[in-house]
Every structure is written in C-alpha cells, then in structure tokens.
Amino acid sequence: MKAWAVGDTNNGDDEWGEEIKLAEQAVQAINKLNPKPKFFVLCGDLIHGMPGTQWRKDQERDLKNVLKDTHQDIPLIFVSGNHDIGNSPTRETIEHYCSNWGDDYFSFWVGGVFFLVLNSQLYFDSSKCPELKQAQDAWLSEQLATAEQQKCKHIIVFQHIPLFLRKPDEDHDYFNLEKSVRQELMEKFHKAGVKAVFSGHYHRNAGGSYKGLEMVVSSAIGCQLGEDTHGLRVVVVTDKKIAHRYYSLDELSSQGIEQELLAMLAEHN
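Here is a short report on the structure shown in this document. (Residues numbered from 1 in each chain as written. Predicted model: local features only at pLDDT ≥ 70, side-chain atom pairs only at ≥ 80, totals over all residues. Heavy atoms only, no water.)

**Observations concerning the overall build of the chain**
Consideration 1: Within the chain, the regular secondary structure consists of nine helices and 10 strands.
Consideration 2: Seen through its principal axes, the chain has C-alpha atoms that stretch 50 × 45 × 35 Å.
Consideration 3: Put simply, the chain has 269 residues, and 52% of those count as buried.
Consideration 4: Taking contacts inside the chain between residues at least 6 apart in sequence as the whole, the part at least 24 apart equals 61%. (Helix = DSSP H or I, 4+ residues; strand = E, 2+ residues; numbered from the N terminus. Buried < 20%, exposed > 50% of the residue type's maximum accessible area, 1.4 Å probe, protein only. Contact = heavy atoms within 4.5 Å.)

**Notes on the sheet that holds strand 3 (residues 106-110)**
Picture the strands of a sheet paired through backbone hydrogen bonds; they go either parallel or antiparallel.
Consideration 1: Taken together, six strands build an open sheet; the order of strands is 3-4-5-6-8-7 and the sheet is mixed. Edge positions in the sheet fall to strand 3 and strand 7 (206-210), since each of these pairs with one other strand and no more. When strand polarity is set aside, the average angle formed by the axes of neighbouring strands in this sheet is 15°.
Consideration 2: Strand direction decides the pairing type here: strand 6 (residues 194-199) and strand 8 (residues 213-217), joined by four bridges, are parallel. Residue phenylalanine 198 lies in a different strand from strand 8, and its bridge partner there is valine 216.
Consideration 3: Strands in contact with helix 6 (residues 130-150) are strand 3, strand 4 (113-117), strand 5 (154-158) and strand 6; relative to strand 4, the strand with the most contacts, it is inclined by about 175°. (Pairing = 2+ DSSP bridges. Axes fitted to C-alpha atoms, helices over the stretch in contact; angles between N-to-C directions.)

**Points about the packing of helix 1 (residues 16-32) against helix 2 (residues 56-67)**
Consideration 1: Where helix 1 contacts helix 2, the axes come no closer than 9 Å and their chain directions differ by 25°. With respect to their mutual orientation, helix 1 and helix 2 come out roughly parallel. Taken as a pair, helix 1 and helix 2 cross one another with a handedness that is right-handed. Residues Trp16, Ile20, Ala23, Glu24 and Val27 of helix 1 pack against Asp58, Gln59, Asp62, Val66 and Leu67 of helix 2. (Parallel < 35°, antiparallel > 145°, perpendicular 65-115°, else oblique. Left-handed = near helix turned anticlockwise from the far one by under 90°.)

**Quick look at the pairing of strand 9 (residues 231-237)**
Consideration 1: Counting buried residues in strand 9 gives five out of seven residues, a clear majority hidden from the surface.
Consideration 2: What sits between strand 9 and strand 10 (residues 242-248) in their antiparallel hairpin is a turn of four residues.

**Describing the packing of aromatic side chains**
Given two aromatic rings, their pairing is described by the distance between the two centres and the angle made by the two planes.
Consideration 1: Enumeration according to the criterion identifies 13 aromatic pairs in this entry.
Consideration 2: Taken together, the aromatic side chains of Phe39, Phe106, Phe108, Phe115, Phe158 and Phe198 make up a single cluster linked through ring pairs.
Consideration 3: Across the ring face of tyrosine 202, the terminal group of arginine 204 is positioned such that the distance to the ring centre comes to 3.9 Å.
Consideration 4: Geometry around tyrosine 247 places arginine 245 over its ring, the cationic atom sitting 4.3 Å from the centre. (Phe/Tyr/Trp six-rings, centres within 6.5 Å; stacked < 30°, edge-to-face > 60°. Lys NZ or Arg CZ within 6 Å of the ring centre and 35° of its normal.)

Here is the structure:
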C-alpha cells in the first residue's frame, strides 16, 4: 500500500494513512455503482512492502481490513505483482502470496466470458523457480484450448506487468515484458482469440493493440507516477464489445458510470 506524491520510497510507512483512505474511497465508490459490478479486480501490487520487509504483514492486514467492506455481492479478484512476490519470485514468496490472497494463476467464467489471471512475474524473471513457469505455461495452453472448445463470447486476461505500454515492438524496460517473451505471448493470445489484456504496474494509463488484441494499462488507486489521478477502470462487456474508461475516484464516487456505458449495458440486457 503506497500513495506517495514525493515520498521516501525506502520508508515503508510514509503516507500509509493516505493510501488507506484512497483504498476506502475506492471500495465506497464500487459499492455505490448501479448496476453492481460482476467483480472487482486488483491487478497486482496489492501492498508496497516487498517480500521480507518489516512492514509487509501490517500492510496485508490493513488492506484486508479495507477490502472486507466491499459489498458481499461483488467478488474480489487478486492478481500477483512484483511487490507481492518479488521481482525474481521464488517458490516460497509465491506460496506466501497464495496463502494470503489465493492462487497466483487461475481462470473463471462470468456470463459466457472466459477470464484468465496470470502470474506475470514468471514471465519477467523465473530464474529462481523455472519449474513454476513451466507449469503455468502448460496450464495456459490447456486453458486456451478449453476456451476454444467452449466457444466463449470473449477471452480476457489479467496480469500485473503489461505485454507492452504503447507499441508491440517497443524496447524492453522495467514496465513491460522482454521482447521475445512478449512476442510469444502476443501470438499465443492472438491465435486463441483473446480480446484484451488488462494490466497495472506502470502507475499511469497507457495501452495499444496487436492484431486485434487490446493491451489496456491502468493507473492506480494509490501511487501515481504520471499525470493521472487516483482512480479505477470500469469495464463493460457485452456479447459483441468490450468497452472501458478510467475514472478518478472523486468522479466515480460523485457521478458514477457515464451514460454511454450505461446505455451499452441496457441494450445488452
């Protein structure tokens, strides 16, 4: 949990109180939405304390205390990020994450749409647990084959690290995946008919497309590294379309979803 504006990133508790307030505001905004969301997904970096840091347990406790106020009819979906399992995850850091937040990769269905949650740290650096990356790779191939057989309406992926920020062939850096890994995943997703990948990590809004696959990068409830505001992305999925918009927490709390997205939902229903 981190919401610094100009904070000391080596100190785990600076502006901790601000982060808690922002998370509370996000939960309140989500609970007020009408119609209620089918689920609420947090795309990684659930807390700021890296594995082994002294304030990690307290941050996990505080986040759970905030999230428990999410309306009981809105399921929570958690995605693992680098702050949750480390930039170079190990079997131990992943097991700790799973014991606190659930599986690091899994799939689920909602209204005929197939969703995949991936552990993108295994694509960033799996040097300390190569067998876990191999297991996720095999599982992903099986899941995509199942989705093709089931003739789902859409396939949507959630992962912390974006495939790319703006262009599929952009250079590799801390905020995207290495080019060869990226290309392999993009092709796998494209061939399977994945429509969109939603990510965080960048702490700014960004995105692009690859052969009809949309890469959507959302900023954060907390820490902002660019010009975006603390906020959430609302996604509307119909039989034929996936539409989305990033809202500031203040905007979503006071005004709710814009009429264009509401009209899409009304038409779908």
